[in-house]
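# Structural description and commentary
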Amino acid sequence: MLRFLESMQWVLFIFFTAAYAYQIFYLLVGLWGKQRGGVENAELHRYAAIISARNESAVIGRLIRTLKEQDYPSELLDVIVVADNCTDNTAEVARSAGAIVYERFNKVQVGKGYALDYLFKHIFEEQGEDAYDAFFVFDADNIVDPQFVREMNKMYDTGEYSALTSYRNSQNFCANWISAGYALWFLRESRFLNRPRTRLGVNCAVSGTGFLISADVLREEGGWNYHLLTEDIEFSIASAVRGRKIGYCGNAIIYDEQPEHFRQSWDQRLRWSKGFYQVDAKYTGALLRGCTRGGKAGMSCYDMLMTVAPCNLVTIGSLLLAASWLEDHAAEDQSETLELLFADYILPWCGTMLGKVEAHAHTPFWRTMAPLTRDAIAAMWDELQEEDEQ
């Protein structure tokens with residue numbers, strides 16, 4: 001019966017290899033394809049740099065300074081901050097650095113998405129919907145390359161894109177293996193995903209910070225309507241579904257501070273995973289329908305579907321179904337089969353995963369659930385061995 005499980009693993013391996021094989025072509029384009037450029041003599045558009053900040057007084061002044069030092073006409077670039085549920089002096093620091101500051105206090109609608117929506121609506125109400133051609137969105141701990149706005153303007157002036165993403169570099173690459181791993185991931189995303197996508201005319205995915213969104217999109221949608229845990233990928237998925245094009249500007253660089261401690265990375269990755277599952281639940285049907293369009297629009301939907309596909313859940317679910325099948329169909333060697341299944345698959349995998357959860361959990365829910373799960377699996381194993389002895 002274990003051969004059946006091994007066969008299932010091979011089926012999953014072949015399926016996922018086939019599903020992601022197109023990224024081999026992305027790799028080749030990323031290595032040897034030329035980067036897509038913008039308009040050299042571009043019209044100078046009017047922008048606002050948007051910063052959503054919560055208790056970021058220690059770093060926000062540095063970001064605003066790098067935005068004020070852009071190689072771009074200062075009268076065409078405003079810096080606007082929403083100090084969101086702050087308990088420190090973030091608003092005062094931002095004002096002192098030269099930013100326009102809005103303060104928001106809302107304990108019900110919590111999160112970056114709600115803060116952005118609040119800010120965009122206030123800008124439209126007070127300055128008019130045509131005050132800016134587009135908006136840049138940054139995290140408060142970013143540092144922006146002096147050529148960032150000028151390079152993004154060249155790509156935006158092509159008129160092809162509703163949104164643009166940039167190269168998300170790292171401030172602390174050499175801090176340790178965790179921060180270096182993040183930096184390499186964003187390098188891979190930029191060079192071997194977004195760069196080939198733009199070259200081939202397929203949609204990119206924005207990455208939380210350092211991206212541009214056209215004012216036309218916000219006017220059409222009545223603000224920023226993306227409030228899942230990963231609002232950036234939700235916006236990217238919705239853009240692909242609705243046929244809006246997102247491009248990549250590799251010459252526009254921001255420097256982002258990456259986590260240096262495992263717990264920080266664990267919490268962030270856990271939040272991203274939950275956000276991806278939220279996006280799956282909301283958009284999978286629309287993405288599947290979008291894949292049937294064919295052409296670049298269909299490929300954009302397929303690519304975004306593969307970006308958020310819950311491969312781990314599919315793998316685990318398939319193996320659990322296989323285990324259920326074994327239990328229902330095993331004959332004389334049922335007990336031996338289940339013992340091997342537990343000993344070779346379930347116990348080692350659960351032991352590793354639950355050990356990490358117990359070591360790094362800091363909320364009562366996970367501290368309670370991990371040992372309960374471990375005890376339940378141990379009880380199942382003990383019961384199986386007792387039945388075998390009888």
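All of the points below concern the structure found in this document. What you are looking at is a predicted structure, and each value in this text was computed from that prediction instead of being measured.

### Considering the pairing of strand β3 (residues 100-104)
One face of the sheet, then the other: side chains in a regular strand alternate in exactly this way. Relative to β3, strand β2 (residues 77-84) runs parallel, the two being bridged by five bridges. Following the sheet pairing, Asp84 is matched in β3 by Arg104. Handedness of the β-α-β unit built from β2, helix α4 (residues 90-96) and β3 comes out right-handed.

### Thoughts on the side chain of Ser300
Tracing the backbone through its elements, the reader meets Ser300 in helix α11 (residues 295-308). When residues no more than four places from it in sequence are discounted, the contact partners of Ser300 are Val202, Asn203 and Ala240.

### A look at the pattern of salt bridges
Using the criterion set out here, one finds 19 salt bridges in the structure. Of the charged contacts, one joins Asp130 and Arg219 as a salt bridge, the two residues approaching to 3.5 Å between their closest N and O atoms. Of the two residues, Asp130 sits in the loop between α5 (112-127) and β4 (134-139) while Arg219 sits in helix α8 (residues 215-221), which places them 89 residues apart along the sequence. One salt-bridge network, in which partners are shared between bridges, spans Glu220, Glu221, Arg242 and Arg244.

### Considering a nonpolar patch on the surface
A grouping of Ile24, Phe25, Leu27, Leu28, Leu31 and Trp32 is seen on the molecular surface, where their side chains present a nonpolar patch of about 640 Å² in accessible area. Among the secondary structure elements, Leu27 is positioned in helix α2 (residues 22-32).

### Things to note about the packing of aromatic side chains
All chains considered together, the criterion is met by 18 aromatic pairs. Considering the side-chain rings of Phe136 and Phe138, the 6.3 Å spacing of their centres and the 35° angle between planes classify their relative orientation as tilted. According to the relative accessible area criterion, Phe138 is buried, its value standing at 0%. Taken together, the ring pairs connect Tyr47, Tyr72, Phe136, Phe138, Phe148 and Tyr156 into an aromatic cluster. Sitting above the plane of the Tyr182 ring, Arg269 keeps its charged end 4.6 Å from the centroid.

Scoring rules and cut-offs
- Residues numbered from 1 in each chain as written.
- Predicted model: local features only at pLDDT ≥ 70, side-chain atom pairs only at ≥ 80, totals over all residues.
- Heavy atoms only, no water.
- Pairing = 2+ DSSP bridges.
- Helix = DSSP H or I, 4+ residues; strand = E, 2+ residues; numbered from the N terminus.
- Right-handed = clockwise from strand over helix to strand, strands pointing away.
- Contact = heavy atoms within 4.5 Å.
- Salt bridge = Lys/Arg side-chain N within 4 Å of Asp/Glu carboxyl O.
- Patch = residues over 30% accessible without salt bridge, like charges linked within 9 Å, V, L, I, M, F, W, Y side chains within 5 Å.
- Areas by Shrake-Rupley, 256 points an atom, 1.4 Å probe, with all protein chains shown as cover.
- Phe/Tyr/Trp six-rings, centres within 6.5 Å; stacked < 30°, edge-to-face > 60°.
- Buried < 20%, exposed > 50% of the residue type's maximum accessible area, 1.4 Å probe, protein only.
- Lys NZ or Arg CZ within 6 Å of the ring centre and 35° of its normal.

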